[in-house]
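Remarks on the overall topology
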Amino acid sequence: MGGLREIALDAAGMKAHSLFLIPWHIGNWGDVTINAIAAGRRLRCFLVEDVEEVRAQFLQIARIETGAKEFLRVPASRDEGFLRRVLVLLRRENLGMVSSGG
């Protein structure tokens, strides 16, 4: 598995920030990369499958304080409201998508 992947998004010519795909561990906590931890510290907002799990792992594994961070649960099915919210956030800041599934 490689490192972080950056996807630059630009909707209708508007300046957009980047969505960083952050591969998280599967099983062994020692598998979390330095780049993943650095992104966890640097970014403020994350798209995740399980908010409480990622919040706890940021604290336990990487010692990343989560109080000022925002975690948005990715819905299981298509959700236009969620997509709109993500696009609004991307106009303001970089986001991270934490994935344990590769």
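A brief look at the structure comes next. Predicted model, so just to flag it, every value in this text is computed and none were measured.

Comments concerning the overall build of the chain
- Looking only at helices and strands, the chain has three helices and five strands in total.
- Counting from the amino terminus, helix and strand elements in the chain follow one another as β-β-α-β-α-β-α-β.
- Looking at the 102 residues of the chain, the share that counts as buried comes to 38%.
- Residue pairs in contact within the chain that sit at least 24 positions apart in sequence constitute 59% of those at least 6 positions apart.
- For the chain, the exposed surface amounts to about 6200 Å²; the carbon and sulfur share of it is 53%.

Here we look at the environment of Leu 87
- Tracing the chain through its elements places Leu 87 in helix H3 (residues 80-92).
- Sequence-wise, Leu 87 and His 17 are 70 residues apart; in three dimensions their C-alpha atoms are separated by 9.5 Å.

Remarks on a negative patch on the surface
- A contiguous patch of negative charge, built from Glu 49, Asp 50, Glu 52 and Glu 53, is present on the exposed surface.
- Positionally, Asp 50 belongs in the loop between strand S3 (45-48) and helix H2 (51-62).
- Judged by relative accessible area, which is 39%, Asp 50 ranks as partly exposed.

Here's the deal with the nonpolar core
- If you look at the biggest cluster of nonpolar residues, it comprises 18 residues, and the most contacted ones within it are Ile 22, Trp 24, Phe 46, Val 48, Phe 58, Phe 71 and Val 98.
- Secondary structure elements with two or more residues in this core: strand S2 (18-23), helix H1 (34-42), S3 and H2.
- The greatest single-element share of this core, amounting to five residues, is contributed by H2.
- Sequence-distant contacts of Phe 58, defined by excluding residues within four places in its chain, comprise Trp 24, Gly 40, Phe 46, Arg 63, Ile 64, Thr 66, Phe 71 and Val 98.
- Residues Leu 72, Phe 82, Leu 89 and Leu 95 belong to the second largest nonpolar core, which totals nine residues.

Side note on H2
- Spanning 12 residues, H2 covers 16 Å between terminal C-alpha atoms, matching the ideal 16 Å at 1.5 Å per step.
- Looking only at H2, the buried set comprises Val 51, Val 54, Gln 57, Phe 58, Ile 61 and Ala 62. Mapping the buried residues of H2 onto a view down its axis gives an arc of 135°, with all of them on the same face.
- Check the buried side of H2 and you find it contacts H1, S3, strand S4 (70-73) and strand S5 (95-99).
- Between the side-chain oxygen of the N-cap and the backbone nitrogen of Glu 52 there are 3.3 Å, and the N-cap of H2 in question is Asp 50.
- Taken from the residues just after H2, Arg 63 is the one with a positive phi, measuring 55°.

What counts and how
- Residues numbered from 1 in each chain as written.
- Predicted model: local features only at pLDDT ≥ 70, side-chain atom pairs only at ≥ 80, totals over all residues.
- Heavy atoms only, no water.
- Helix = DSSP H or I, 4+ residues; strand = E, 2+ residues; numbered from the N terminus.
- Buried < 20%, exposed > 50% of the residue type's maximum accessible area, 1.4 Å probe, protein only.
- Contact = heavy atoms within 4.5 Å.
- Areas by Shrake-Rupley, 256 points an atom, 1.4 Å probe, with all protein chains shown as cover.
- Patch = residues over 30% accessible without salt bridge, like charges linked within 9 Å, V, L, I, M, F, W, Y side chains within 5 Å.
- Salt bridge = Lys/Arg side-chain N within 4 Å of Asp/Glu carboxyl O.
- Lys, Arg positive; Asp, Glu negative; His and termini not counted.
- Charge placed at Lys NZ, Arg CZ, Asp CG, Glu CD.
- Core = buried A, V, L, I, M, F, W, Y, C linked by side-chain atoms within 4.5 Å.
- Expected span 1.5 Å × (residues − 1).
- Arc of directions from axis to C-beta.
- Polar contact = N/O pair within 3.5 Å; in protein donor to acceptor, adjacent residues only side chain to side chain.

In short, geometric facts, not functional conclusions.
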